[in-house]
Amino acid sequence: MSTTVATHQYCTFWVAGLHFGVAVDSVQEVLRSQTMTPVPRAPEAVRGLINLRGQIVTALDLRRRLDLHTDADESPEMNVIVRSRGEVVSLLVDRIGDVIDTSGLELQPVPSNLPVMVREVVHGVLTLPDAILLVVDPDRAVDVSAAGEPNNGGTS
Amino acid sequence: MVSLMEGGGGVDDDAEIIAEFLVESHENLDQLDRDLVALEQDPGSREKLASIFRTIHTIKGTSGFLGFGHLESLTHVGENLLSRLRDGEMLLDAELTGTLLRMVDTVRDLLAVIERTGADETADAVVVAEVVAALKAALEPATAPSATQPPATQPPAPEPVSAPEPTVTPDQPSVVPLAAAPTPVAPQPVPEPTPVAVPTDAAADPGDDEPGTRSVVDSSVRVDVNLLDNLVQLVGELVLTRNQILQRTDGLGDAELVRAAQRLDLVASELQEGVMQTRMQPIGQVWAKMPRIVRDLAAQLGREVHLEMEGHDTELDRSLLEALKGPLTHLVRNSLDHGIEPPERRIAAGKAAAGRLSLRARHESGQVVVEITDDGAGIDPVRVAETAIARGVITADQAARMEPKELVQLVFRPGFSTAATVTNVSGRGVGMDVVRTNIERIGGSVDLSSQVGLGTTCRVRIPLTLAIIPALVVGEGGERYAIPQANLVELVRLEGEDLRNGVEMLAGSPVLRLRGHLLPLVALTTALGGPSSATDGPLTVVVVQADGSRFGLCIEEVYDTQEIVVKPIGRQLKGLATYAGATIMGDGRVALILDVPGIAATAGIDHVVADEPEPKPVDDDAEALLVLEVAAGRRAALPLRAISRLEEFDPARVERSGNEEVVQYRDGILPLVRLAPAIGLRESELTGDQLSVVVHEADGRRVGIIIDRVLDVVETAVVRSEVGRRTGVLGSAIVQDRVTDLVDLEAVVGR
């Protein structure tokens, strides 16, 4: 995980009550709820497509991507737009947090008892004084080819 | 569709070709300078050598077409030298680098002359000959390790003529590394009267000679594609913002604001148009150059070629078009050189003396497809395998395991050539390699299919990332989807009676009877993974076709036809066969573009036998019949091919002309014939409030035949019986288990 050596700033957000962070240099921007076009038959984590200033961007529901469930009825709506391997992808999260400077903190391995899907996407944790930040690897987060069954539009 | 534009290659065309050649060559030469110097540091880099080789090869090829003899002979020798280097037969040393750099400089000088005069005739032949000699000398002792003083050993007194070299190009920085390397050249700078003519020319150029004309290189600006991409996106965004502003200003009553908004509207529209225009160009631009190239090449190679071109107005993005030019020219060149045989061999093979070369461009499934087809000798997989093994491209073991189809694709490997002899035109093994590299660089693909003795088709596919296509926008489940117009055949709307009669279930799958043919139906909602919903409401069917199969797509709603900009979708969705891409609608929302072949494959109907647009009866006796009801319950049948339309008219619209009943129809007068009395039956009372009319059209004349109603369309072999034969009736037959009168149309409408 050499990528994290130089990174001290994280854009943080909440998904299903968990506190996540993405290195700021891979975050392009953060947007409020966007008009979404659903994509039938897409992998389950794909919520749809949004128009980002003329560019068509896939929006991934991070809650589904991580297989996390909450009592909340409404789906996450905030867009964290990340860059990954030349593509721009939106991660849909429940709530946006602050940008946190973690200088001096060391990235620790992901506790092995976390759910598999979370471990797949999170590549380390940072223990903040008042919370634990799960650091998301955007490249892995946007790779849904392995994760999630095809979404058949809810039926058959 | 077909045009042979032999006469089209006028002066302007030539000038344009030359101008492009110059711009391209100048860019290439700058790169060459850098490559050569870098190569000297790292003489083992085959990659760099291959790149240099391709550049020189390209210049050579083009100069050959354009008739720049000096340039061609120079680059030809240079290419030979590079070829040796590339194949490892010679090693690059400082001296060779110097010689090559001199070649580059001389090429540059020749280009300057061409730019001024349009020909390389006035170029100083001696300088060229001298550089050619130096290159040849470097080639001669290829076996000897030290080719120390090649220019000095040349008979035609190299020393004096070598001098102008630095003088000719006083402003070329590339001369600097040169001075260090070619020791045999530099030390004897004796200016000679002959070469002085060249520098004077060069000196006069920036002066008063042609004050009005800018050089080609200056008059065109190359813009980064990314920059244009950004512009297109920003303009799209601007247009949407404008739409929002226009909506808001409407109700405000602020005249000043409304005026400003209208100006914004105008400017944004024009800007959008302008930006799009800068990008989109018809492929006809490339086609336009082909007749000339083909003619010259055919003459040069002793071939007879008939050129056909289709799809001139297939638009594609400028950058894609640019990138496509080179590879297409190369493929055409290959077809002439390796594909189409000399006339005598063609005649011996039982073909026409003139070969056919056809270039077709079209949009297909969100891609631009360009096909180059010749009816030449084809590619022999066995010969390809032999050559590939001989060249070390693959091992004999590998070849043995390969299918003939795969073997043919070996021609795309670097360092491959099937030509028995290396010609001046193509066939040094760079051709197909370059073609594929260039096409793949723009995200496209190229494949070959060939039949020995019959010809070769090369198919180039380029993604439409930026192309604009017409599409039908339809609605399903509250979302909009675009169906490319290229896949569209027709729209059919069925309700009530027609729906019940037309759609049937065959082993659980819905099919539609459409003019006597069965069309498989696929509900879009099912194709999208939703539940199959059986509704009794009206059914809208989009008849689509792809890859030769045809089917009906049932949709909820039809919106309209639009020009859409095809945009790529993310990696996460690449695996979905259902979509060809996405686009942005006028309101800023994203709509998916349906991939018709993909849907057909997913629905498992990709192997359905294609319906021909003009369906021929399956067996000779079968005929499509329109079965009608006349005279309250009697059945009659008309041949379907004689019917152009079914219409309904309000009885009040029927007027009289003489003794005839007529109705105004499509800006004309349609005479009407009542079928029942015409075939000797009593006419029934009008039951509905509309007259059902079958429009028969023959020899440009239309007649409306009034019937009770249409029962069905059937395709059946008719066994005609003489029973019931009378005026207007040919006889009768059993159709769908019922006795049906066969109407004698000619007799009926001839009355």
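Our subject is the structure listed above.
Let me sum up the structure you'll find in this document.

How each quantity is defined
In this numbering scheme, every chain counts its residues from 1 along its sequence in written order. Chain letters start at A and ligand numbers start at 1, both assigned in the order the entries are written. A pLDDT threshold of at least 70 governs which residues receive local features in this predicted model, and a stricter bar of 80 or more applies before side-chain atom pairs are shown or counted, although totals over entire chains, interfaces and linings include all residues. With hydrogens and water stripped out, all remaining heavy atoms of the structure feed into the side-chain values. Salt bridges are defined as contacts in which a side-chain nitrogen from Lys or Arg sits within 4 Å of a carboxyl oxygen from Asp or Glu. Exposure classes here rest on a 1.4 Å probe applied to the protein chains alone. A residue is buried below 20% of its type maximum, exposed above 50%, and partly exposed in between. Think of it this way: a Phe, Tyr or Trp ring, Trp meaning its six-membered ring, pairs with another when their centres are within 6.5 Å, and the plane angle makes it stacked under 30 degrees, edge-to-face over 60, tilted otherwise. Definition used: whenever NZ (Lys) or CZ (Arg) falls within 6 Å of the ring centre and also within 35 degrees of the ring normal, the charge is taken to sit over that ring. DSSP calls a pair of strands paired once it identifies at least 2 bridges connecting them. Working definition: helices are DSSP H or I runs of at least four residues, strands are E runs of at least two. Numbering for both runs from the N terminus. All axes are obtained by fitting lines to C-alpha atoms, using only the stretch in contact for helices, and the reported angles, taken between N-to-C directions, cover 0 to 180 degrees. When checking whether two residues touch, look at their non-hydrogen atoms; a contact exists if any pair is within 4.5 Å. Buried surface area refers to the total accessible area, computed with a probe of radius 1.4 Å, that the two partners give up upon joining, counted for both partners together. The span you would expect from a helix comes to 1.5 Å times its residue count less one. The definition of a polar contact used here is a pair of N or O atoms within 3.5 Å, where within protein one atom must be able to donate a hydrogen and the other to accept one, and adjacent residues in sequence count solely through side-chain atom pairs.

1. Focus: the pattern of salt bridges
Residue and element names in this part refer to chain B.
- Using the criterion set out here, one finds 23 salt bridges over all chains in the structure.
- Here D296 makes a salt bridge to R295, at a shortest N to O gap of 3.3 Å.
- The class for D296 is buried, based on a relative accessible area of 16%.
- Salt bridges sharing partners connect three or more residues here, namely E310, R360, R362, E371 and R459.

2. A look at the packing of aromatic side chains
All names here are of chain A.
- Counted according to the given criterion, the structure contains one aromatic pair over all chains.
- Relative to F20, the ring of F13 lies with its centre 6.1 Å away and its plane at 20°, an arrangement referred to as stacked. For the pair F13 and F20, a shared accessibility class is recorded, and that class is buried.
- Cation over ring: R95 sits above W14, and NZ or CZ is 4.2 Å from the ring centre.

3. Focus: the sheet that holds strand 10 (residues 488-494) of chain B
Residues and elements named next belong to chain B.
- Spatially, the six strands line up as an open sheet ordered 10-14-15-13-12-11, and their pairing is mixed. With one partner strand each, in any of the chains shown, strand 10 and strand 11 (503-506) form the two edges of the open sheet. The average undirected angle you get between the axes of adjacent strands in this sheet is 35°.
- Two elements, strand 12 (residues 509-514) and strand 13 (residues 517-523), share four bridges in a ladder whose sense is antiparallel. Bridge pairing in strand 13 places V511 opposite P520.

4. Things to note about the interface of chain B and chain A
- At the interface, 29 residues of chain B touch 29 residues of chain A.
- Together chain B and chain A conceal approximately 2,300 Å² of surface at their shared face, both sides included; 55% is due to carbon and sulfur atoms.
- A per-residue breakdown of the area chain B buries against chain A is headed by R571(B), Q572(B) and V590(B), which together make up 30% of the total.
- Summed over the shared surface of chain B and chain A, the result is one salt bridge.
- A salt bridge links R571(B) to E87(A); the nearest nitrogen and oxygen atoms lie 3.8 Å apart.

5. Focus: helix 4 (residues 94-117) of chain B
All names here are of chain B.
- With 24 residues, helix 4 ought to run about 34 Å at 1.5 Å a step, and its terminal C-alpha atoms sit 35 Å apart, in line with that.
- Buried residues dominate helix 4, accounting for 20 of its 24 residues.
- Positive phi shows up at G118, right after helix 4, with a value of about 80°.

6. A short note on the pairing of strand 12 of chain B
Residue and element names in this part refer to chain B.
- The pairing of strand 11 with strand 12 spans four bridges and is antiparallel. For V503, the partnering residue across the bridge sits in strand 12 and is L512.
- The antiparallel hairpin formed by strand 11 and strand 12 contains two residues in its connecting segment, where A507 sits at a positive phi of about 50°.
- Adjacent in sequence and paired antiparallel, strand 12 and strand 13 are bridged by two residues, among which R515 carries a positive phi angle near 45°.

7. Focus on the environment of Q34(A)
All names here are of chain A.
- Positionally, Q34 belongs in the loop between strand 3 (27-31) and strand 4 (46-52).
- Taking the C-alpha atoms as reference points, Q34 and M78, separated by 44 residues in sequence, lie 8.1 Å from one another.
- At 3.3 Å, the side chain of Q34 forms a polar contact with the backbone oxygen of R32.

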